[in-house]
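Architecture and fold: a report
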Amino acid sequence: MCQVTCIRIFLCVIAIGIFPSAVANDEIAAICEQKLCRGERVIQVQLDQERYFEIDVEGTVIAHETNISIYPGEAFSITAQVEDSEIVDLAPSGDSSSSVPAIRVRLDQEVEDDGSISTMLVVQNQLDRTLRYEAYMDIDGTNQYLYTSSCPVRSQLSSFEHWPHAIVHFVMTNVRFLSEEDGDSMACE
């Protein structure tokens, strides 16, 4: 139950960050006082050969609790707070050195010679256990998030996921270690 509620709250915080309101700004400001948030920046996403979508992402949350938000052209190093062998909080790190164990994420948009658009997500797991997460994407800037499958990422390895279309915003929710119930299952879900 909390998983679905937490996902909705995080998506709402992200949407609020994009479409601010007075109450929401207070909530986001409180998170941004504790964690690194996006600075002044407008992200331009090419939707197809003729259309672009622009998003003002200033002051939006990058990572909070067990959720990560990323737009095309961004790359982050995310540190994990672990308690009782579970990830309880994620935060973007200003330290990009590889000496700090982190989850490194990058979302790239590629425009092919024929004008077609594709998107690549790279997740590098520098933590000591296999990661799993749920993935949602907004493909047209309408804040209608679609679930997409994701694959576990083994410790000290990277995963590469590719979609043959534009993604305006990608959200990783319920970022966690692979559980004992999952066993060694590396199935993409």
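The following refers to the structure shown. Throughout, a residue's number is its position along its own chain's written sequence, starting from 1. In keeping with the predicted nature of the model, local features appear solely for residues at pLDDT of at least 70, side-chain atom pairs appear and are counted solely at 80 or more, and the whole-chain, interface and lining totals rest on all residues. Heavy atoms from the whole structure form the basis of all side-chain values; hydrogens and water molecules are not counted.

To sort residues, take the accessible area from a 1.4 Å probe on protein chains only and compare it with the maximum for the residue type: under 20% means buried, over 50% means exposed, and anything in between is partly exposed. Think of it this way: any DSSP run of H or I at least four residues long counts as a helix, any run of E at least two long counts as a strand, and we number them from the N terminus. Covered by surrounding structure in strand 11 (residues 158-163) are Ser159, Glu161 and Trp163 only, the residues Ser158, Phe160 and His162 on the alternate face being uncovered. Pairing between two strands requires that DSSP report at least two bridges joining them. Bridge count for strand 8 (residues 117-125) against strand 11 is six bridges, and the pairing is antiparallel. Following the sheet pairing, Leu121 is matched in strand 11 by Glu161.

This part covers the sheet that holds strand 12 (residues 169-177). Here five strands make up an open sheet; going across it, the order is 3-4-12-9-10 and the pairing antiparallel. Each end of this open sheet is capped by a strand with a single partner; those strands are strand 3 (63-64) and strand 10 (146-148).

Salt bridges are defined as contacts in which a side-chain nitrogen from Lys or Arg sits within 4 Å of a carboxyl oxygen from Asp or Glu. Under the counting rule described, the total for this entry stands at six salt bridges. For Arg38, the salt bridge goes to Glu74, with nearest N and O atoms at 2.7 Å. In this pair, Arg38 sits in the loop between helix 2 (22-34) and strand 1 (42-46) while Glu74 sits in strand 5 (residues 74-83), placing the two residues 36 residues apart along the sequence. Overall, Glu74 belongs to the buried group, its relative accessible area being 4%. Taking the shortest distance from any N to any O, the salt bridge between Arg132 and Glu189 comes out at 3.7 Å. You can see Arg132 sitting in strand 9 (residues 131-138) and its partner Glu189 sitting in the segment after strand 12, a full 57 residues away along the chain. For Glu189, a relative accessible area of 48% gives the class partly exposed. Counted as one network, the salt bridges with shared partners bring together Arg38, Arg41 and Glu74.

Cysteine sulfur atoms are paired as a disulfide whenever they fall within 2.5 Å. All chains considered together, the criterion is met by one disulfide. Paired through a disulfide, Cys151 and Cys188 show a sulfur-sulfur distance of 1.9 Å. Since a negative S-S torsion denotes a left-handed disulfide, the Cys151-Cys188 link at about 105° is right-handed. Taken together, the positions of Cys151 in the loop between strand 10 and strand 11 and Cys188 in the segment after strand 12 put the pair 37 residues apart, joining distant regions of the chain.

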